[in-house]
Amino acid sequence: MVGPEIRIFENLVLEKVKKLCKFTPKPNFNLTRNEHQALLRLQQNRNMVIKPCDKGGGIVLLDTDQYKHKIRLMLGVPEHYSKANSGWQREVKKTIQEVSLKAYNDGLICEKEYTYLNPMTTRVPILYGLPKVHKSETDPPFRPIVSTVGSVTEPLSKYVETFLKTRVVQLPAYVKDTGHIISTLEGASFNPDREFLVTMDIEALYTNIPQHEAWQAVRQIFDKEARNHAISLDVSRFLPRVIIECLILKGRMPCLAIFYRALSGHIRHGEVGVSEDLIQMGKTRI
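From a predicted model like this one, the values you see are computed outputs, not experimental measurements. Sequence order as written defines the numbering, with residues in each chain counted from 1. At least 70 in pLDDT is required for a residue's local features to be given in this predicted model, at least 80 for side-chain atom pairs to be given and counted, and no such filter applies to totals for whole chains, interfaces and linings, which use all residues. Side-chain descriptors were evaluated using all non-hydrogen atoms of the structure, hydrogens and water having been removed beforehand.

Asks: Just to check I follow, could you spell out the overall build of the chain for this structure?
Replies: A run of H or I in DSSP counts as a helix once it spans at least four residues, and a run of E counts as a strand once it spans at least two, with each numbered from the N terminus. Of regular secondary structure, the chain possesses 11 helices and 7 strands. For the chain, the proportion of its 286 residues judged to be buried stands at 35%. Contacts in the chain between residues far apart in sequence, at least 24 positions, make up 70% of those at least 6 positions apart. Carbon and sulfur atoms make up 56% of the accessible area of the chain, which totals about 19,200 Å². Remark: exposure states derive from per-residue accessible area (1.4 Å probe, protein chains only) relative to the maximum for the residue type, with buried under 20%, exposed over 50%, and partly exposed in between. Here, two residues are considered to be in contact whenever any of their heavy atoms come within 4.5 Å of each other. Here the Shrake-Rupley method, with its probe set to 1.4 Å, supplies the accessible areas, and only the displayed protein chains count as covering residues.

Set out below in structure tokens:
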């Protein structure tokens, strides 16, 4: 129960915030009136799509018809995508409610977690493409991105990610960033006659990793931790079930007024896809 002292402190803080908001000066725009109007005209131009580059921080102006054509080409790969019905969001919400309610009744999650996993209002996730101009300036391929901010699966993705991200750093092949690999190699010794330093790149990584194999890799980690009593057996079963039932089998996204389902890989959506893919890669021996 909140005491009167806390209430008084809260009211004082709110009053201070109101005063600060009241006297906050208006921001000074660094654009002229003509420049601002020109940007508005570009934004309202339906014959043009404006997207950031996949890398480098640049801005790309694309012909709308060309942009839609490339998106359709991506969605036309039967191994990666299939059309879905328009009622998918109700299915996802129902599945999340059923799984999370069972977890709550079994004592695996608390009431606050259950409420968090079942938001009252949601928006439909949107698929779009970021042009890879570093590969081609005249005809760049797209990196598919699904914006799931505010979607029905966003809270669940963030919840699962809190468990996965701590496992990613434990993988033997984990590399945090460029600085990490440089510091690692500085302490390594190589025999130039017998050893070579090589690098590799995976084409369309996030759409090519098999979903069920990634899920199995995650499940193996949780099963191992359950056997070692690092986590409970119930939790080790609950989390993979959440991933497979709510985030993979029920995952959908609309594009060009049509709903699609991703059949393979993860399209950088939400929070959970990247960690799950990294776990899958970390479990793969080359």
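Asks: Help me understand the packing of helix α6 (residues 154-168) against helix α9 (residues 211-227) in this model?
Replies: In a packed pair of helices, the relevant descriptors are the angle between the two axes and the axis-to-axis distance. Packing of α6 against α9 leaves a shortest axis separation of 12 Å and a crossing angle of 85°. Compared by their axis directions, α6 and α9 come out roughly perpendicular. In this structure, α6 uses Phe163, Leu164 and Arg167 to contact α9, whose residues at the interface are Val218, Ile221, Phe222 and Glu225. Here an angle of 0 to 180 degrees is reported between the N-to-C directions of two axes, which are lines fitted to C-alpha atoms, with helices fitted over the stretch in contact. Under this scheme an angle from 65 to 115 degrees is roughly perpendicular, one under 35 degrees roughly parallel, and one over 145 degrees roughly antiparallel; angles in between are oblique.

Asks: Would you mind showing me how to read the nonpolar core here?
Replies: It is characteristic of soluble globular proteins that their nonpolar side chains tend to be buried jointly. Residue types Ala, Val, Leu, Ile, Met, Phe, Trp, Tyr and Cys, when buried and joined through side-chain atoms within 4.5 Å, form a set referred to as a nonpolar core. Counting residues in hydrophobic clusters, the biggest one holds 13 residues, and the most contacted among them are Val92, Ile96, Ile109, Leu117, Val152, Tyr159 and Leu164. Of all the elements in the fold, those that place two or more residues in this core are α4 (88-105), α6 and α9. If we ignore the near neighbours within four places in the chain, the residues touching valine 152 are Trp88, Gln89, Val92, Lys93, Ile96, Thr122 and Arg123. Ranked by size, the runner-up nonpolar core spans 12 residues in total, among them Val49, Leu62, Ile71 and Leu75.

Asks: How should α4 be read in this particular structure?
Replies: The periodicity of an α-helix, 3.6 residues per turn, causes residues three or four positions apart to be oriented the same way. One less than the residue count of a helix, multiplied by 1.5 Å, gives the span that helix is expected to have. The end-to-end C-alpha separation of α4 is 26 Å, in line with the 26 Å expected for 18 residues at 1.5 Å each. When we look at burial in α4, the residues that qualify are Trp88, Gln89, Val92, Thr95, Ile96, Val99, Ser100 and Ala103. Each buried residue of α4 lies within a common arc of 130° when the element is viewed along its axis, so the set occupies one face. With respect to the buried face of α4, the exposed residues turned more than 90 degrees away are Arg90, Lys94 and Asn105. Downstream of α4 by one or two residues, glycine 107 has phi in the positive range, about 80°. What the arc describes is the spread of directions from the helix axis to the C-beta atoms.

Asks: In this structure, what is going on with the pairing of strand β5 (residues 142-147)? I would like to understand it.
Replies: The side chains of a regular strand alternate, first on one face of the sheet and then on the other. With 5 of its 6 residues buried, β5 lies for the most part within the structure. Any two strands between which DSSP finds at least two bridges are classified as paired. Taken together, the 6 bridges between strand β4 (residues 126-131) and β5 define a ladder with antiparallel strand orientation. Residue pairing across strands places isoleucine 126 opposite serine 147, the latter belonging to β5.

Asks: I'm lost on the packing of aromatic side chains in this one. Help?
Replies: Aromatic rings in a pair are described by how distant their centres are and how their planes are angled relative to each other. Working definition: a ring pair exists when centres of Phe, Tyr or Trp rings (six-membered ring for Trp) sit within 6.5 Å. Plane angles under 30 degrees give stacked, over 60 give edge-to-face, the rest tilted. The tally for this structure, following the rule as stated, stands at 2 aromatic pairs. For the pair tyrosine 67 and phenylalanine 142, a centre-to-centre distance of 5.4 Å together with 45° between the ring planes defines the contact as tilted. Taken as a pair, tyrosine 67 in helix α3 (residues 64-75) and phenylalanine 142 in strand β5 lie far apart in primary sequence, 75 residues in all. Note on accessibility: tyrosine 67 and phenylalanine 142 belong to one class, buried. Ring plane angle 35° and centroid distance 5.9 Å describe the contact between tyrosine 104 and tyrosine 114, whose orientation is recorded as tilted.

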